[in-house]
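Below, each chain spelled out in residue letters.
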Amino acid sequence: MKRLIFCLLVMSTWAACKSGDKKVLPIYGNRQAVTKTVDGKTVTDTVYQTIPKFKFVNQYGDSITNKSLDGDIYVADFFFTTCPSICPIMARNMLKVYDAFKSTGNFKIISHSIDPKHDSVPALKKYADKLGVTGNSWWFLQGKKEDTYAIAEKNYLVAVSKDSTAAGGYVHQGYFVLIDKQKRVRGAYDGTDPKQVDQLIADIKTLQADPAETIAQ
Amino acid sequence: MKTRLVIALSFFLLVCFIISCESESSVEFKRYYTEGAQVYASHCQNCHGARGEGLVSLIPPLTDSVYFKNNRSKLACSIRQGMKDPVVVGGKAFANVMPQQDLSPIELAEAITYIQNSFGNKLGLTTVEQVQADMADCK
């Protein structure tokens, strides 16, 4: 009997350890194996798809490039200020993310306008002010419409299923995309669903605690 | 003896009338309110929120009973035609455009009844007849 109890104890401790393992977020996008020679040895490395170079302008009129986000975990989404349907919900949910992380370093939110004609820099500033967004942890970006669509479809939304038939495609579907410090896509969340947004907040914390991310910094 | 019986009976009937009247109007209220919740969810909630909380300084909340009281007869037109002029709600100014909502008079009455009796408001039933009368004066 004693032995049985001991066995059970060991097993449950092991099980507890197992479930205590840190969750690791998936890495989305294309990947390729690259074989190179390091110190005379052949090493195969996996190279993941990353967010390429870009250049947009934020609500303060500052030029924002991929370099502006170096060393940051960030969330990207696509919207326009006059959108009456899902954008208010997205903004309401993104505010939760903003409030959760605005005072932690190395974190940003970038919201790309898909209506740059209307959403000028002053219009974006006005929108940010009305949402109560200050400082530099949430940028509202605008630039050439085709640039925004290209980076959305080819890069940010790789984790999103493409079989959508909605007008304008999935750019309009309100996804929040999570990017790690190495500029890899780590998750896509429905920005209109509070539960998925809570999951995003949890995943950002997971990512912040990921030792690989600390090294990347 | 007979008169007493007649009086008692008519009193009883009167009570019955009052009770049935009351319950009829409360049934009507419940019907408007329940339908209104659905109209609200599909036409208003995205912007004004599930709890009528609005969105910071972009979209006004629906919790200002005084605003509703003062603008009661204008609500149907405001929702149907949208709002362009700035409004002050709960002491805060809002300047964004509210898009028009393609709703029938009955749907408007249901939504108004729902809004005016949710989020801390208690302003009672708004009937379809009232909405139709209000809409005759739409600008």
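Procedures and definitions
Starting afresh in each chain, residues are numbered from 1 along the sequence in its written order. Key to labels: chains lettered from A, ligands numbered from 1, both in the order written. Selection of residues for local features in this predicted model requires a pLDDT of at least 70, selection of side-chain atom pairs for listing and counting requires 80 or more, and totals for whole chains, interfaces and linings are taken over all residues. Where helices and strands are cited, they refer to DSSP runs of H or I of at least four residues and of E of at least two residues respectively, numbered from the N terminus. The size measure is the radius of gyration over C-alpha atoms, and the globule rule it meets is 2.2 Å times the number of residues to the 0.38 power. Our exposure labels follow a C-beta count within 10 Å of each residue's own C-beta, placed from the backbone: buried means 20 or more other C-beta atoms, exposed means 12 or fewer, and partly exposed covers the counts in between. Contacts here follow a simple rule: the backbone-placed C-beta atoms of the two residues must lie within 7 Å. Take the number of residues in a helix, subtract one, and multiply by 1.5 Å to get its expected span. Relevant arc is that of directions from the helix axis to the C-beta atoms, nothing else. Note on pairing: DSSP must find at least two bridges between two strands before they are called paired. Axis geometry follows a simple rule: fit a line to the C-alpha atoms, using only the stretch in contact for helices, then measure angles between N-to-C directions, giving values from 0 to 180 degrees. Linking buried Ala, Val, Leu, Ile, Met, Phe, Trp, Tyr and Cys residues through C-beta atoms within 7 Å yields a set, and such a set is a nonpolar core.

(A) The arrangement of the overall build of chain B in detail. Along chain B, the regular secondary structure elements total six helices and two strands. Traced from its N-terminal end to its C-terminal end, chain B shows the element sequence α-α-α-α-β-β-α-α. Relative to the globule expectation of 14 Å for 139 residues, the C-alpha radius of gyration of chain B, 19 Å, shows a markedly less compact shape. Across its three principal axes, chain B shows a C-alpha extent of roughly 70 × 30 × 25 Å. Buried positions account for 25% of the 139 residues belonging to chain B. A separation threshold of at least 6 residues defines the contact pool for chain B, and within that pool the share at least 24 residues apart is 62%.

(B) Region of interest: helix α5 (residues 194-209) of chain A. Residues and elements named next belong to chain A. In this model, α5 (16 residues) spans 23 Å end to end at C-alpha, consistent with the 22 Å of a helix rising 1.5 Å per residue. All of the buried residues in α5 are V197, L200, I204 and L207. All buried residues of α5 project into a common sector of 70° when viewed along the axis, lining one side. α5 presents K195, A202 and A209 as exposed residues on the side facing more than 90 degrees away from its buried surface.

(C) The sheet that holds strand β5 (residues 73-79) of chain A, seen in detail. Residues and elements named next belong to chain A. Taken in spatial order, the five strands make up an open sheet running β7-β6-β5-β8-β9, and their pairing is mixed. The open sheet has two free edges, formed respectively by β7 (138-141) and β9 (185-190), since each of these has just one partner strand. Put simply, the sheet's adjacent strands are angled 20° from each other on average, direction ignored. Sheet topology note: the β5/strand β6 (residues 107-113) ladder contains seven bridges and is parallel. Within the sheet, the bridge partner assigned to D77 lies in β6 and is S111. The sheet contacts of α5 involve β5, β8 (175-179) and β9, and relative to β9 the element is tilted by about 160°.

(D) Examining the nonpolar core more closely. Core analysis: the biggest nonpolar cluster contains 70 residues, and Y74, V75 and V177 of chain A together with A111 of chain B have the highest contact counts within it. Discounting residues that sit within four places of it in the chain, Y74 of chain A has contacts with L69, F107, K108, I109, I110 and I179 of chain A.

(E) Examining the environment of G124 of chain B more closely. Among the secondary structure elements, G124 of chain B is positioned in the loop between α5 (105-115) and α6 (128-135). Here the alpha-carbon distance between G124 of chain B and F17 of chain B, two residues 107 residues apart in the chain, equals 21 Å.

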